[in-house]
Each structure stands twice: as structure tokens, then as C-alpha cells.
Amino acid sequence: MNDSTNKTAGVRVRFAPSPTGYLHVGGARTALFNWLFARRHRGVMILRIEDTDAERNKPELVQGIIDGLKWLGVDWDEGPFYQSQRTELYRAAAKKCVANGNAFLCYCPADKYAGGDYAEPDQPGRDEEPKGGGPRRLTRCTCRDGKPSTPGAKPAIRFKVPIGGTTKITDAVFGESEFSNDEIEDFVLLRSGKGDEEFGQSMYQLGVVVDDIDMRVTHVIRGADHISNTPKQVLLYLALGATPPVFAHVPLILGADKSRLSKRHGATDVNMYRAEGFLPEAFRNFLALLGWSPGGDEEFIRTKDLIAKFSLEGVSRTNAVFDRPKLEWFNTQYLQRLAIEDLLPEVENELKRSGLWKPEWAAGAAPGPDGRDHAWFARTVDLLRPRIRLLPDFSTWARAFFSDEFMRDPAAKEKFWKDPKVPELLAKLAEALGNLKEWNHDACDHATRAVAEAGGVKAGLLINATRVAIVGQAVAPPLFDTMVVLGRQRVVRRLYDAVAAVAKA
RNA sequence: GGCGAUAUCGUCUAAGGGUUAGGACGUAGCCCUCUCAAGGCUAAAAUCCGGGUUCGAAUCCCGGUAUCGCUGCCA
């Protein structure tokens with residue numbers, strides 16, 4: 001393939017999103033690959049905002065992209081640079097191309113060759129209009145021979161693509177491919193000026209190349225949708241007297257139906273996964289394995305190992321389907337396997353968000369009036385975590401552990417309070433627990449089983465009924481661990497409360 | 001339509017001429033068990049089709065098909 005991994009000295013990569021939307025999972029994956037590559041080679045990661053289309057860009061979206069990257073843990077060493085602030089650089093480069101005969105002034109009307117009505121990416125019309133059979137666009141503009149079609153109009157600058165011959169591109173993941181120059185149109189470098197401007201903003205092809213040269217980018221790692229653009233860019237590098245970087249195109253991420261991932265496939269905005277309560281490291285691990293493999297059988301790969309193992313050679317050439325169930329599996333794995341001190345801050349944030357957090361649970365804080373402190377918090381989270389799927393479950397599913405205001409699930413009552421002996425048993429248990437000399441797992445265990453036996457029922461019946469009584473749910477951690485963590489007072493109180501609740505019903 | 005690329009279980013992928021084609025998610029069953037998870041075990045499940053090359057092809061070559069991308073004064 002390529003000796004890209006040998007050229008590790010001075011690796012410089014960039015992630016270059018366009019603020020026309022939120023941070024898409026595809027973009028996030030591209031950002032992650034760039035970041036892993038940079039960190040792997042102790043190189044430099046650059047963030048560049050490609051906002052040269054005033055019509056479509058929304059500056060307020062930049063913050064969302066940055067938030068998404070930060071959540072993902074992808075940081076950068078240089079930037080963010082904004083292309084909208086670098087206009088002069090592009091104009092100078094375009095003029096240089098005109099001067100050295102590689103570009104020309106084009107006076108054609110701006111919409112002369114437009115392929116049709118381009119709707120927003122996620123709207124239905126998009127894929128239908130410009131498909132096959134559409135209007136044939138130009139490859140060679142007549143203006144290149146100095147024959148302006150509309151003299152007097154403001155010109156754009158177009159690249160003068162060589163007639164005949166081929167342009168070869170080398171890609172670290174796709175290998176070599178060759179494009180016939182006659183298939184490459186005379187693409188626009190610089191938009192025509194509006195008002196009293198001589199020229200407008202740069203087009204994509206010019207902007208990337210000028211910036212990648214200026215920022216000394218060594219490896220261009222980006223989505224495979226740019227493969228077809230690459231020959232144009234190679235031509236531009238040559239015209240500007242520069243050496244092309246190593247290109248590494250990464251396969252696209254598709255939806256479950258194997259079509260391009262879009263909103264109708266569900267969440268595509270990275271920030272939605274944060275909002276849903278996925279752990280960033282789990283998301284990162286999942287994303288890293290979409291289109292890349294370390295070669296072996298490992299799947300649970302911590303970030304530092306991701307960095308150590310990442311290489312362009314391991315990048316696949318086939319598009320990958322975004323498989324949400326697997327993402328969820330990664331999340332539960334991380335929820336269970338993370339060091340407890342790494343998980344605690346995430347849970348703290350979640351409880352703060354839902355208003356259940358108490359300051360005495362913070363590290364180093366004095367215990368609250370009920371004796372609960374940071375150690376209690378850690379024990380409780382540890383007890384809860386095997387059953388948690390997403391962070392918000394701590395606030396909803398596990399609410400009874402953090403608050404005395406909780407509801408008992410009607411279905412759970414229906415299932416485990418059916419037996420007419422339940423109220424009497426719960427009352428007896430409350431009494432027995434109240435008299436316990438010690439409050440620990442085994443003491444609770446013995447007391448509970450004794451009450452069940454005395455009442456002539458199987459222990460399981462009482463245990464399940466008690467679970468519903470003290471946490472309100474059919475599903476919770478093992479009962480006696482739950483009792484210990486809740487504390488005697490709460491357990492006894494909730495048991496009597498349950499007896500009353502049954503009586504009322 | 002043209003050009004480019006890709007094709008291994010439903011999904012993510014390993015195997016870069018010789019393996020019973022491996023692992024993971026999901027699915028099904030069993031074990032564990034106070035619920036539900038987790039965990040353990042087991043099962044079903046793939047080399048797009050057709051030609052070559054070769055003693056031998058998932059792997060190399062050609063054709064077909066399918067899919068994806070590009071084909072904008074979008075990025």
C-alpha cells in the first residue's frame with residue numbers, strides 16, 4: 001500500500017467540518033480517525049471550519065460541532081481556523097493560477113451549468129433530481145480560450161484542466177487509481193464577486209488545497225465521498241507548485257438499510273448520543289471499530305490502546321452500517337468495566353441534571369444527616385451499574401436509591417403483591433428488621449428468610465414482594481445488598497408504607 | 001447516463017493462495033438465580049454470480065450484477 005506509517009516525523013492532520021449542520025456520526029468518526037492518527041504519531045491535530053458558502057452556513061452551528069468533539073474527547077492542537085477569514089489567501093492563490101496559465105476567468109452566468117434543484121441533504125427530493133439523465137454539465141468551458149460568453153459580467157475563476165492525459169491518485173487505504181482528465185470539468189476556484197467585490201469566496205477545492213498547503217498538512221484523512229474530488233485537488237497542488245499529501249479515504253457509514261445515513265435512520269447527531277446518556281469512551285470505541293480493525297479479535301479497546309493500535313493499514317474499504325444495538329452493548333460494557341472513580345463523575349452529572357444530586361455525596365464532603373457520604377454514593381453506583389444501560393437510568397430506574405420520592409410500578413405490584421399474605425409478611429419483616437442487632441447483608445438475609453419460613457411461604461415470594469415495597473420495581477439489584485445501601489430506617493419505613501398502600505388498594 | 005470505488009454470517013469484522021472460513025453484536029436454548037441484568041456454555045448463521053490462472057482461490061485476473069460515491073459559483 002503505502003509507507004505512510006513510516007513517515008511519522010511531523011505528522012499533521014486536520015478535521016475540516018462545514019457548519020451546515022450538527023456533528024454527524026460520520027464526521028465524528030472521521031474526526032476520531034484523524035485524532036487517533038495524530039496521537040499515535042505524536043503529530044498535530046488541526047480543526048478547520050470550512051464556511052465558505054455564506055448561503056448555507058450557520059455560524060451558530062459551529063458551537064454544536066465543537067461541543068460534540070469535546071464530548072467525544074477529540075481535541076486539537078491548532079485552530080479552529082475559519083476559512084471565511086482567509087479569503088485573501090484563496091484569492092491570491094486563484095490569481096496565481098490565472099497568472100501561470102492554470103486557470104482562467106469565466107464569464108458564464110452562475111447558474112448556467114447547475115445540475116438542478118439541490119434540496120437539503122435530508123430532504124426527500126435530493127436523491128431524485130440530479131440522478132441519471134440530468135442535464136449534461138460542461139467539462140470544458142469556452143471562456144478558457146478567451147471567449148467570454150457574457151462580456152461585462154463579473155467573472156469567476158475556473159481551473160484549466162489539462163486536455164487529454166490522466167491524473168493518478170495514491171491512497172493509503174484504496175491504493176492507486178487513475179482518472180481521465182477529460183472526465184474532470186473545469187471546476188470553479190473562486191466565486192464571482194457580488195456588489196463591488198472583485199471576486200467572491202473560495203470554492204471547496206481551492207480552500208482545502210490552499211489551506212492544507214498553508215497548514216502543512218501531511219495526511220488528509222477524510223470520507224470516501226471525497227475520492228472523486230481528489231484528482232482535482234492533485235491538479236491544484238501541482239498548479240500551485242506543491243507536493244500532494246498522503247490521502248487516506250475512509251469508508252462511509254450507512255444506515256440499517258445500507259443507504260447513506262440520514263435522519264430517518266434515527267439519531268445521526270453526536271450530541272443526541274450524549275443527551276441519551278452514552279459514555280463518551282464507549283461511543284469512541286464503537287465508532288473506532290466502524291471501518292477500522294486492529295486485526296485481531298479484541299473489541300473492547302480502551303482509548304489509550306486505540307491510539308497505540310491505530311493505523312491506516314487497518315482501515316477497511318467497505319462502507320459500514322451503523323449498528324445501534326452494538327453501540328448499546330459497548331455502553332453497558334463500559335458501565336460495568338470502567339474504574340468506579342471514572343464512572344462517578346458521569347453519574348454525578350446525570351443526577352445533577354435530574355435534580356436528585358445531594359452535595360454531601362461529593363468526594364471529600366461531610367456526610368449528610370442520614371449518614372450518606374461519598375463512600376455510600378460510590379457503593380450504591382457500584383451496586384447499580386450492572387443493570388444500567390444508559391446514564392439517565394440512574395435517575396429513572398434507580399430513582400428510589402437517591403430519593404424518597406418514588407412511585408411503585410403498578411405492574412410490579414400486580415406481579416409480586418398478588419398473594420394475600422403479603423401485607424402481613426411485610427409488616428412482620430419490618431418488625432424483624434427493626435429489631436436486628438446488626439445491619440448487614442447476612443443479617444437481613446437471615447431475618448427475611450426466617451419471616452418467610454414462619455409465614456409458610458417460599459423466601460422468593462417475600463423477597464420479590466419486599467423489592468417492590470422498598471424500591472418500587474420488579475427489577476433491582478439483589479435484595480439484601482439493596483437493603484444495606486438504603487439503610488435500616490428507609491427500609492423499615494418503606495415496608496410499613498407498603499403495608500398501608502396494599503390496604504388502601 | 002458518464003466516471004470512480006466496493007462486495008465474507010442479519011450487522012461490525014478476522015483470515016492478504018493451503019484454516020472444520022475465526023471473533024463480536026443480535027437471535028435461540030441451557031446453566032447460574034430472590035427479580036432483571038451481567039457472566040458461563042451451546043446452536044443456527046457468510047465468502048454476490050459466472051468464467052479463468054493455479055496442484056490448490058474468500059484471497060490473483062476478466063466479465064456480469066448489486067451497492068456506494070462524484071458528476072454544483074455545496075462541502
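So, a few notes on the structure that sits alongside this text. (Residues numbered from 1 in each chain as written. Chains lettered and ligands numbered in written order. Predicted model: local features only at pLDDT ≥ 70, side-chain atom pairs only at ≥ 80, totals over all residues. Heavy atoms only, no water.)

### Re the environment of Pro-423
Mapping Pro-423 onto the fold places it in helix α14 (residues 422–434). By relative accessible area, Pro-423 is classed as partly exposed at 23%. Taking the C-alpha atoms as reference points, Pro-423 and Ala-398, 25 residues apart in sequence, are found 24 Å from one another. Setting aside its immediate chain neighbours within four residues, Pro-423 contacts Val-499 and Val-502. (Helix = DSSP H or I, 4+ residues; strand = E, 2+ residues; numbered from the N terminus. Buried < 20%, exposed > 50% of the residue type's maximum accessible area, 1.4 Å probe, protein only. Contact = heavy atoms within 4.5 Å.)

### Things to note about the sheet that holds strand β5 (residues 156–159)
Spatially, β4-β5-β8-β9 is the arrangement adopted by the four strands of the open sheet, whose pairing is antiparallel. The open sheet has two edge strands, β4 (103–106) and β9 (199–202), and neither has a second partner. Taking the axes of each pair of neighbouring strands and ignoring which way they run, one obtains an average angle of 30° across the sheet. Sheet analysis places strand β8 (residues 188–192) next to β9, joined by two bridges and oriented antiparallel. Looking across to β9, one finds that Ser-192 is bridged to Phe-199. (Pairing = 2+ DSSP bridges. Axes fitted to C-alpha atoms, helices over the stretch in contact; angles between N-to-C directions.)

### A look at the packing of α14 against helix α16 (residues 459–471)
The geometry of α14 relative to α16 is characterised by a closest axis approach of 10 Å and an angle of 80° between their N-to-C directions. Taken together, α14 and α16 sit at an angle that is classed as roughly perpendicular. Within the contact between the two elements, α14 uses Val-422, Leu-425, Leu-426 and Leu-429 and α16 uses Leu-461, Leu-462, Ala-465, Thr-466 and Ala-469. Looking at the contact of α14 with α16 residue by residue, the classes come out as eight nonpolar, one polar and no charged. (Parallel < 35°, antiparallel > 145°, perpendicular 65-115°, else oblique. Nonpolar A, V, L, I, M, F, W, Y, C, P; charged D, E, K, R; others polar.)

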